[in-house]
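# Structural overview
Given next are the chains, with one letter for each unit.
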Amino acid sequence: MRKKIVAGNWKMNTTLTEAKNLTSELKQLFSNDIKCEMVVCPPFTWLTTVSENLNNSPIKIGSQNISHQEKGAFTGETSVAMIKEAGATYAIIGHSERRSLYGETNEVIHQKLIAGLSQQLNVILCCGETLEERNAGKLEEILTAQIQLGIGEMSLEYLPQLVIAYEPVWAIGTGLTASPEQAQEAHYFIRKLLSGIFGETAANNISILYGGSCNASNAGVLFSQSDIDGGLIGGASLKAQDFITIAKSF
Ligand code: 13P
């Protein structure tokens, strides 16, 4: 059985007070009928507070990025050791916003992947095509490059920590959710790629999350697809009740 995961990517949102209120509400609303792993990924500055607030809660903490460097003269960067000390056990890497706005390449994303995995983080590796790429028939080419180069040489011992998120760029923040069929087709293709890298049994154990305008209304039908194991949620993760409803959608 693959792990079901619902992760919230808060992006560059929330004041400190909002972050505290959101986590308190999540803690209150959490109930034992939630069977998936819930993860919140606040901005770096609130990681410690959010993790203190969620102490004794099953909700896990993640960062939205990590540096591939260990430490030193890397102005503005945040290391794996730092986010772990702040309470994070997950990290998102290779988000399309990091790729398109901050120039992250598959090569640097691979280095981040290894940095996170080798320091015991669960790493959510994001992939996904733009509308232009999809319309040009390049979906499979893009996913192949992002998955194969992003994973690169990776020790099999890290497999239990690896999570993939398929986030079609055209669906992020647009309200244009991929249809369940489109999402399932891409997830199935990604699992085939993983199978080519790690073998079928291992690929069948890797959770692949869907992201892109996933909300409390459409999560159920998306999560019922055979290769969709949860969601990476942006906007809807900023509303505690919506995020909890999504986590209950399996
Ligand atoms: P939205 O859910 O706001 O579309 O964002 C998705 C996303 O980018 C999560 O990482």
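Owing to the predicted nature of the structure, the values given are computational and were not obtained by experimental measurement. (Residues numbered from 1 in each chain as written. Predicted model: local features only at pLDDT ≥ 70, side-chain atom pairs only at ≥ 80, totals over all residues. Heavy atoms only, no water.)

## Some details on the pattern of salt bridges
Going by this rule: The salt bridge definition used is simple: a Lys or Arg side-chain nitrogen within 4 Å of an Asp or Glu carboxyl oxygen.
Under the counting rule described, the total for this entry stands at 10 salt bridges. Sharing partners across several salt bridges, the network here consists of R2, K4, R191, D227 and D229.

## A short note on the state of the cysteines
Going by this rule: Only a pair of cysteine sulfur atoms within 2.5 Å qualifies as a disulfide here. Accessible area is worked out with a 1.4 Å probe on protein chains only. A residue is then buried under 20% of its type maximum, exposed over 50%, and partly exposed in between.
Tallied over the entire structure, the rule returns zero disulfides. The closest cysteine sulfur to the non-disulfide-bonded C36 is located on C214, 11 Å from its own sulfur. Since its relative accessible area comes to 7%, C36 is described here as buried. Cysteine C127 shares no disulfide, and the gap to the nearest cysteine sulfur, in C126, comes to 7.6 Å. The exposure class of C127 is buried, given its relative accessible area of 4%.

## Describing the site of the ligand
The line we're drawing: Only heavy atoms are used to decide nearness, and a residue is near a molecule or strand if one of them lies within 4 Å of it. Polar contacts, as used here, are pairs of N or O atoms within 3.5 Å; protein pairs need one atom able to donate a hydrogen and one able to accept it. Residues neighboring in sequence count only if both atoms are side-chain atoms. Computed by Shrake-Rupley with a 1.4 Å probe, the accessible areas treat only the displayed protein chains as cover when residues are assessed.
Taken together, N9, K11, H95, E167, A171, I172, G173, G212, S213, L232, G234 and G235 form the complete shell of residues around the ligand. Between the ligand and G173 there is a distance of 2.6 Å, counted from an oxygen atom to a backbone nitrogen or oxygen. S213 is positioned with one of its backbone polar atoms (N or O) 2.8 Å from an oxygen atom of the ligand. Contact with the protein chains hides 94% of the accessible area of the ligand, taken as 310 Å² for the molecule alone.

## Observations regarding the side chain of S79
Put simply, the rule is: Only DSSP runs of H or I covering at least 4 residues are called helices, and only runs of E covering at least 2 are called strands; the numbering of each starts at the N terminus. In this analysis, two residues are considered to be in contact whenever any of their non-hydrogen atoms come within 4.5 Å of each other.
With respect to the helices and strands, S79 occurs in the loop between β3 (60–63) and α3 (80–85). Among the polar contacts made by the side chain of S79, one reaches the main-chain amide nitrogen of M82 at a distance of 3.1 Å. Not counting residues up to four positions away in its chain, the partners in contact with S79 are S67, Q69 and E70.

## Side note on helix α7 (residues 139–151)
We apply this condition: Helix span is expected to be 1.5 Å times the residue number reduced by one. Here the arc refers to the directions that run from the helix axis out to each C-beta atom.
Here α7 is 13 residues long and its end C-alpha atoms lie 18 Å apart, about the 18 Å a rise of 1.5 Å per residue gives. Of the residues making up α7, those classed as buried are L139, I142, L143, Q146, I147, G150 and I151. End-on, the buried residues of α7 take up no more than an arc of 125°, which puts them together on one face. Contact partners of the buried residues in α7: α4 (96–102), α5 (106–118), β5 (122–127), α6 (131–135), β6 (162–166) and α8 (180–198).

## Considerations on the packing of aromatic side chains
As a reminder, the rule being used: The rule is short: rings of Phe, Tyr and Trp, with Trp giving its six-membered ring, pair when the centres are within 6.5 Å, and they are stacked under 30 degrees, edge-to-face over 60, tilted in between.
Tallied over the entire structure, the rule returns two aromatic pairs. On the basis of an interplanar angle of 55° and a centroid distance of 6.4 Å, the ring pair of Y166 and Y210 is categorised as tilted. Here Y166 is found in strand β6, whereas its partner Y210 is found in strand β7 (residues 207–210), with 44 residues between them in sequence. Here Y166 matches Y210 in class, with each residue buried. Plain terms: the ring middles of F223 and F250 are 4.6 Å apart, the flat faces sit at 20° to each other, and that makes the pair stacked. With F223 in helix α10 (residues 219–223) and F250 in the segment after α11 (240–247), this residue pair connects regions lying 27 residues apart in the sequence.

## Concerning the nonpolar core
Basically, it comes down to this: Residues grouped as a nonpolar core are buried Ala, Val, Leu, Ile, Met, Phe, Trp, Tyr and Cys residues, joined through side-chain atoms within 4.5 Å.
Membership of the largest hydrophobic core comes to 69 residues, with the highest contact counts inside it found for I164 and L194. Excluding residues within four positions of it along the chain, L194 makes contact with I147, I151, I164, G199, A203, I206 and I208. With 12 residues, the next largest nonpolar core counts I5, I92, I124 and C126 among its residues.

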